[in-house]
Amino acid sequence: MTARAADRARYDRATAHLDAPVAIVDLDAFDANAADLVRRAAGKPVRVASKSVRCRALLERVLARPGFAGVMSFTLAESLWLARAGFDDVLLAYPSADRAAFAELAADPKLAAAVTVMADDPAQLDLIDASRAGGREEIRVCLELDTSLRLLGGRVRIGALRSPLRSPAQLAELARSVARRPGFRLVGLMAYEGHVAGVGDSPAGRPLRSRAIRLMQAVARRELAARRAEVVRAVRAVAPGLEFVNGGGTGSVRSTAAEDAVTEIAAGSGLYVPRLFDDYTSFTGRPAALFAQPVVRRPGVGVVTVLGGGYPASGAAGADRSPTPYLPPGLRYDAREGAGEVQTPLLGFPADDLLIGDKVWFRHAKAGELCERFDTLRLVEGDRVTASVPTYRGEGLTFL
């Protein structure tokens with residue numbers, strides 16, 4: 001029996017008492033992936049990206065492990081909720097315009113001490129001040145550096161459209177702006193190199209593209225390492241008490257951790273290892289988060305239909321954003337239908353061995369977005385479900 005066949009047998013036994021759709025997290029794989037992230041971080045703490053987990057119980061589980069420290073959140077409302085739940089170090093990874101949440105933050109000493117907000121423009125600080133509603137607590141601020149690679153004199157840009165702050169002078173100027181304003185304290189610097197951490201360097205069946213990506217990423221790593229070091233020196237000259245410099249992502253943990261200027265690494269997707277992380281040569285993880293859909297039809301030879309399953313991931317639309325039929329191996333979508341809202345035909349020789357009511361296991365393209373479709377994650381150890389824990393959705397929370 002192959003390893004994948006053994007996994008399928010385990011998951012089917014573990015969930016035999018549960019009707020699909022059902023979502024699971026294999027805790028052995030989850031813990032192994034966590035240990036691998038710590039190993040690649042080489043002694044620097046890993047801050048867990050909550051966007052990629054979206055389950056409070058699993059955030060608590062990974063933060064209880066040595067090598068992990070702090071949460072990187074994705075909305076201000078989520079940040080306040082986590083802080084109230086006992087998470088005492090929450091870095092908001094994106095600027096916010098949530099005036100009501102800023103008023104709560106500025107009025108509560110516990111929240112203000114636990115949450116750090118993101119800024120890359122003085123106008124964001126103006127919005128916070130206008131939202132205080134009388135709250136006088138000092139707001140912790142992190143600045144974000146644009147990591148994109150610029151080529152041909154800036155005419156070509158590779159990387160996400162995030163912060164407008166690129167040069168040491170620009171970051172130092174905003175640092176001075178924060179330092180001059182009452183009610184704010186600059187505590188951190190963040191730089192997320194998504195074009196390295198979030199782009200697989202070995203897409204299947206595309207050797208020329210793979211070589212081009214690896215060349216681009218090698219150039220990008222060298223350029224960013226030098227520029228990030230200069231930016232950190234410039235910002236520390238303004239704010240000597242800077243508490244952290246955050247960088248990286250699951251796909252760049254080792255290379256980012258090697259930079260002396262970086263004090264901590266951000267990662268989250270590497271805990272679940274969704275399908276988009278199959279295309280990396282720098283590490284190999286174990287798929288930990290899966291979902292199953294039930295077979296409800298057998299339209300003909302070599303085809304079955306499962307209920308639902310159309311759970312696309314965010315990003316530029318394309319086939320790589322669809323979930324992947326994973327177990328049993330060998331199933332594929334009908335090109336004319338793909339993954340459907342209420343039904344999904346699957347083609348391939350394994351279809352003839354599937355019966356009505358059997359489960360087909362899928363991997364989501366990205367990590368935490370799966371949790372927006374399920375209110376409960378079944379935690380599997382061996383061939384048993386040992387716990388059922390709520391996702392954010394299961395706790396009645398939808399932050400975006």
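See the structure above.
Residues numbered from 1 in each chain as written. Predicted model: local features only at pLDDT ≥ 70, side-chain atom pairs only at ≥ 80, totals over all residues. Heavy atoms only, no water.

Colleague: What's the story with the packing of aromatic side chains in this structure? I'm lost.
Modeller: Any two aromatic rings considered together are summarised by their centre-to-centre distance and by the angle between their planes. Applying the stated criterion across every chain yields a total of 14 aromatic pairs. Here the aromatic rings of Phe74 and Tyr392 are separated by 6.4 Å at their centres, their planes lie at 20°, and the arrangement is stacked. In this pair, Phe74 sits in the loop between β3 (68-73) and α4 (76-84) while Tyr392 sits in the segment after β19 (384-390), placing the two residues 318 residues apart along the sequence. Consider the rings of Phe291 and Phe362, whose centres lie 5.2 Å apart with planes at 10°: the pair is stacked. Taken together, the residues span a long stretch of sequence, with Phe291 in strand β12 (residues 289-300) and Phe362 in strand β17 (residues 359-363) at a distance of 71 residues. Among the aromatic residues, those joined into a ring-pair cluster are Phe74, Trp81, Tyr392 and Phe399. (Phe/Tyr/Trp six-rings, centres within 6.5 Å; stacked < 30°, edge-to-face > 60°. Helix = DSSP H or I, 4+ residues; strand = E, 2+ residues; numbered from the N terminus.)

Colleague: Quick question: what am I supposed to make of the side chain of Lys359 here?
Modeller: Here Lys359 is to be found in strand β17. Comment: no salt bridge for buried Lys359; closest opposite-charge side chain is Asp12, at 5.6 Å. At 3.0 Å, the side chain of Lys359 and the backbone oxygen of Thr15 are in polar contact. Engagement of the side chain of Lys359 in a polar contact is seen with the backbone oxygen of Leu18, the distance being 3.0 Å. (Buried < 20%, exposed > 50% of the residue type's maximum accessible area, 1.4 Å probe, protein only. Lys, Arg positive; Asp, Glu negative; His and termini not counted. Salt bridge = Lys/Arg side-chain N within 4 Å of Asp/Glu carboxyl O. Polar contact = N/O pair within 3.5 Å; in protein donor to acceptor, adjacent residues only side chain to side chain.)

Colleague: What exactly am I supposed to notice about the side chain of Arg10 here?
Modeller: Within the secondary structure, Arg10 sits in helix α1 (residues 3-14). In contact with Arg10, not counting residues within four places along its chain, are Asp26, Val380, Gly382 and Asp383. (Contact = heavy atoms within 4.5 Å.)

What is shown is where atoms sit, not what they do.
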